[in-house]
Amino acid sequence: MGEADKNPTNFLIYFVAALQMIAPKIGEGVLGALQSPQPPPIESILTILLNEITAIQNDFVLILDDYHVLDAKPIDDTIALMLEHLPPQMHVAIITREDPDLPLARLRARDQLTELRASDLRFTPAEAAEFLNQVMDLNLSAENIAALETRTEGWIAGLQLAAISMRGHQDNANFIKSFTGSHHFILDYLVEEVLRQQPESIQTFLLRTSILERLCGPLCDTIPLDSSTSGQETLEYLERANLFIVPLDNERRWYRYHHLFAELLRQRLEQSSPALVPKLHHRASAWFESENLIEEAVAHAFASHDWEHTADLIQHFAYRVHRQTNLTKLSGWLAGLPESVIRARPWLCVYQSLAFYWTGPRDRIEEFLQLAEQTWPGSPLPVEETTRLIGYIAAIRAHLALVSGNIPRVLAMAEAAIQQLPEGDYMRGWTATALGGAYWGQGNVNASLQAFQTARTVALQPNYPLLAVPPSCYVGMQLVKQGKLDEALCIYYEGLALATMAGGQQLPIAGFPKVKLGDVLREKNDLAGAEQWLHPGIEQCIQLGHPDVLADAYVALSRLQLAQNNWIGAYDTFEKAQEVANKSPVDPFVRCWLDDCRVRLLLAKGRMDDLNRWVDASGLSVDGELSYHYDLHHINLARVLLARARHAPTAAGAHASLRQASSLLTRLLIAAEKAGWVYETIKILVLQAQVFAESNDNKSLQALSDALSLAEPGGFVRIFVDEGPPMAKLLSEAAAHGNMPDYVGKLLAAFEAEKQKTCDKPDLSPCPSVQPLIEPLSQRELEILRLMAQGLSNRQICERVFLALDTVKGHNRKIFDKLQVQRRTGAIARAREFGLL
């Protein structure tokens, strides 16, 4: 364990890495969530991880060495939680210099704790003799061994330090007598002795390389700056001399020092040469940079406190990090730099803006873009660089304008960016994505589709596959708008392939296509398939940290949970989406779908007061201007108006709401058809059919028929089923009229399956297993009979069981015939007599 492990997130990341040594696939999703800027609660992650551990078949031991270094309550709490729910095949060994703040008493009482104290670990005189004489080859007398064992209290590291120190002494007995005191004193003394016994070059090597978390020969050649010694040979010498060095691989390429030894060396280096430490970190940073080991290069740069060098390095690597869509990493680096350093560099100002766009806060983007504009005139940038910089600034402004809904500015900034950016620059593709969004906001689905396809092509031409993932998803979203669900699925699968590296490793951007795949499968009523994609997709989107993508992902999951009748889960997920949107402005289309989800949740709970408050706060009005940029979010208002009509206390109130809804839906239908938005057209027609039905207008079946005609080729299901019993009733009427029997039959079957899921709940009245009738009642007839006994009218029964009125009347006749009665009262009495009710 080290200082960095004090953070529970880091601790769990290393824990997963250790687990993957025995189960390579374990914790992949957890790892993604942990590395996100907004990771889920540790308890949730640990629960998932422990569940995965239960699948490991063999016993294994997790060893936490130097646990005392942490001294962090969050880690103690995490370990305590882990121990409380430890899978039986997992064992934990904690090596520490002091008792950890864990429920040791409880573990002892349960006989779940084995303790090895100092007295158990200290070498006995016999063991000390064997170690000193046979391992360290000192040939000490029994008296000297006993004295040494007494001085070190059998402490093994102390014995080893003493043994190394004695190699240079002629009189070991006097040496042993020369040191006394506490462990700490002995430790300092012996380290001093160890160093003193080494050649000066080794002493220098040890002290200067102590700043490294891991060492290799070429790196060590650079750090001490001593050409007379070979780094690799010195490392091998240290290993042969038992000088507290641990090989990290079988090839003996990478090593590390024993943590305690490294700590003492660093302390000594700080005391003896404080001015040298930052220089050494600087050299280490340069070496890691030359090896393209970015993270270690930047880490040592930060440790060098050379902010100019660190800024140079971040600026150098920012381009690559962006190409990898790892803007969260860039954001973290920039957060570690003094803001004054960023403000003085135009490129860092631009990258800061880009990072803010990706992870927030988006309200500071323009501030840093203006700083970039102010600083570049005085910077030594070549003309080509300045032109490119201007192009970047314009591209970021185009995306920022998209979020704020200023379409003319998006177009202007995108055009400016394209003029400045050189051919082959990946930002040209990103700019095309902004253009696609602008055309989307204008309701031009074909132009939008073409722009997103261009962005995808621009990214793929110079082989930047990760940058092609977002435009691939946006292409799919336009295909969904055109009602082409199967084609959208294909492009989402292609996007997922682009996000998958050789060997199957997936970067966080893979979450984007996964979520879209899940959402289309939900629409096609493949709820199990949707769940399979959405949950891992959400975890990766959390890691990705992009507010638009993450909020949209939560909305997709909430819609799935609504379809699964998981109201609590749907509400919790919706709250997460809302939280993301509250922290950072999100794209208007995301806000539309957030409201769609909100309205459905409130409707499901019949919270009309909350819905009315939402309408008041939304600024939407029946005669307000429709907006393609907000994905025609007036559809949400129309849904609320329909609900108001259904809950109106008076017929006049219902009529007024229906009239408003009808007027609004007429305008929406024209707008959706003009844009070629098939998906929105279906949604509007579905609502329109219900408004007509509530108004007793015979145009309801025609509206439904139009919706069915548009929906059938794409295989839409949930867009109908999510409307509930009123839509089931309309579909039954459509079926009665022979309208698209196969497709309508499929939809009614989906309704029946929904109903069956409800019937499977334990609160249903038990069905009698034996009926005293010549011709038993069917399950459907029994159901209608029970509703009849509850006093429901035929029309109310229609709504409850999703059947047309004529169908219910037909069931009534069969019930009467089988019970040999003429009317309802007789049927209920006879059914009670037979024990059917």
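- An unreviewed UniProt entry annotates the chain as LuxR C-terminal-related transcriptional regulator originating from Candidatus Dehalogenimonas loeffleri.

Looking at the nonpolar core
(1) Moving on: Among the nonpolar cores identified, the biggest contains 223 residues, and L704 and F720 are the most heavily contacted of them.
(2) Moving on: With eleven residues, helix α31 (residues 547–563) is the largest single contributor of residues to this core.
(3) Moving on: Once residues within four sequence positions are removed from consideration, L704 is found in contact with A689, F720, M727, L730, L731 and A734.
(4) Moving on: If you look at the next biggest cluster of nonpolar residues, it comprises 34 residues, including I26, L31, L46 and L62.

What about the packing of aromatic side chains?
In this description, an aromatic ring pair is defined by two values, namely the gap between the centres and the angle between the planes.
(1) Moving on: Taken as a whole and judged by the stated rule, the model has 19 aromatic pairs.
(2) Moving on: Ring centres of Y319 and Y426 lie 4.9 Å apart, and the angle between their planes is 50 degrees; this geometry places the pair in the tilted category. In this pair, Y319 is assigned in helix α18 (residues 307–323) and Y426 in helix α25 (residues 426–441), connecting sequence segments 107 residues apart.
(3) Moving on: Of the residues examined, Y319 reaches a relative accessible area of 22% and is grouped as partly exposed.
(4) Moving on: Between F356 and F368 the ring centres are 5.6 Å apart and the planes differ by 70 degrees, which places this aromatic pair in the edge-to-face class. Note that F356 is positioned in helix α21 (residues 346–359) and F368 in helix α22 (residues 365–375), a separation of twelve residues in sequence.
(5) Moving on: Accessibility expressed as a relative area gives 0% for F368, which makes it buried.
(6) Moving on: In textbook terms, an aromatic cluster arises when at least three aromatic residues are bridged by ring pairs, as seen for Y319, W347, Y351, Y392, Y426 and Y464.

With respect to a nonpolar patch on the surface
(1) Moving on: A cluster of nonpolar side chains, namely V61, I63 and I95, defines an oily patch on the protein surface of about 270 Å² accessible area.
(2) Moving on: By relative accessible area, I63 is classed as exposed at 52%.

Considering the packing of helix α33 (residues 588–604) against helix α35 (residues 634–647)
(1) Moving on: Where α33 contacts α35, the two axes come as close as 10 Å, and the packing angle between them is 15 degrees. Considered as vectors, α33 and α35 are oriented roughly parallel to each other. Classified by chirality, the crossing of α35 by α33 is left-handed. On the side of α33, the interface is formed by C592, D595, D596, V599, R600 and L603, while α35 contributes N636, R639, V640 and A643.
(2) Moving on: Its residues placed into classes, the contact of α33 with α35 shows five nonpolar, one polar and four charged.

Some remarks on the pairing of strand β2 (residues 90–94)
(1) Moving on: Here strand β1 (residues 60–64) pairs with β2 via five bridges, running parallel. Bridge assignment links L64 to a residue of β2, and that residue is I94.
(2) Moving on: Following the chain from β1 across helix α4 (residues 73–84) to the adjacent parallel β2, one finds a crossover that is right-handed.

Quick notes on the pattern of salt bridges
(1) Moving on: Applying the stated criterion to the full structure yields 41 salt bridges.
(2) Moving on: We note a salt bridge from E239 to R252, for which the minimum N-O separation is 2.7 Å. Residue E239 is located in helix α14 (residues 231–240), and its partner R252 is located in the loop between β3 (245–247) and β4 (255–257); the two are separated by 13 residues in the primary sequence.
(3) Moving on: Through salt bridges with shared partners, a single network forms among D519, R522, E523, R559, D596, R600, K683, R718, D722 and E754.

Examining the side chain of Q482
(1) Moving on: Relative to the helices and strands, Q482 is located in the loop between α27 (469–481) and α28 (485–498).
(2) Moving on: Here the side chain of Q482 touches N446 through a polar contact of 3.3 Å, side chain to side chain.
(3) Moving on: Not counting residues within four places of it along the chain, the set of residues in contact with Q482 comprises V445, N446, L449, G676 and V678.

Structural notes on helix α40 (residues 725–736)
(1) Moving on: The terminal C-alpha atoms of α40 lie 16 Å apart, and with twelve residues this matches the ideal 16 Å at 1.5 Å per residue to within 8%.
(2) Moving on: M727, A728, K729, L730, L731, S732 and A734 are the residues of α40 that are buried.
(3) Moving on: Of the residues one or two after α40, G738 is the one with positive phi, at around 75 degrees.

A few points about α27
Turn by turn, an α-helix covers 3.6 residues, leaving residues three or four places apart pointing in a common direction.
(1) Moving on: Helix length check: α27, at 13 residues, gives a terminal C-alpha distance of 19 Å against a target of 18 Å (1.5 Å per residue), a fit within 8%.
(2) Moving on: α27 sits mainly inside the fold: 13 of its 13 residues count as buried.
(3) Moving on: Where α27 terminates, the next one or two residues include G483, which has phi positive at roughly 80 degrees.

Definitions and limits used
- Residues numbered from 1 in each chain as written.
- Predicted model: local features only at pLDDT ≥ 70, side-chain atom pairs only at ≥ 80, totals over all residues.
- Heavy atoms only, no water.
- Core = buried A, V, L, I, M, F, W, Y, C linked by side-chain atoms within 4.5 Å.
- Buried < 20%, exposed > 50% of the residue type's maximum accessible area, 1.4 Å probe, protein only.
- Helix = DSSP H or I, 4+ residues; strand = E, 2+ residues; numbered from the N terminus.
- Contact = heavy atoms within 4.5 Å.
- Phe/Tyr/Trp six-rings, centres within 6.5 Å; stacked < 30°, edge-to-face > 60°.
- Patch = residues over 30% accessible without salt bridge, like charges linked within 9 Å, V, L, I, M, F, W, Y side chains within 5 Å.
- Areas by Shrake-Rupley, 256 points an atom, 1.4 Å probe, with all protein chains shown as cover.
- Salt bridge = Lys/Arg side-chain N within 4 Å of Asp/Glu carboxyl O.
- Axes fitted to C-alpha atoms, helices over the stretch in contact; angles between N-to-C directions.
- Parallel < 35°, antiparallel > 145°, perpendicular 65-115°, else oblique.
- Left-handed = near helix turned anticlockwise from the far one by under 90°.
- Nonpolar A, V, L, I, M, F, W, Y, C, P; charged D, E, K, R; others polar.
- Pairing = 2+ DSSP bridges.
- Right-handed = clockwise from strand over helix to strand, strands pointing away.
- Polar contact = N/O pair within 3.5 Å; in protein donor to acceptor, adjacent residues only side chain to side chain.
- Expected span 1.5 Å × (residues − 1).

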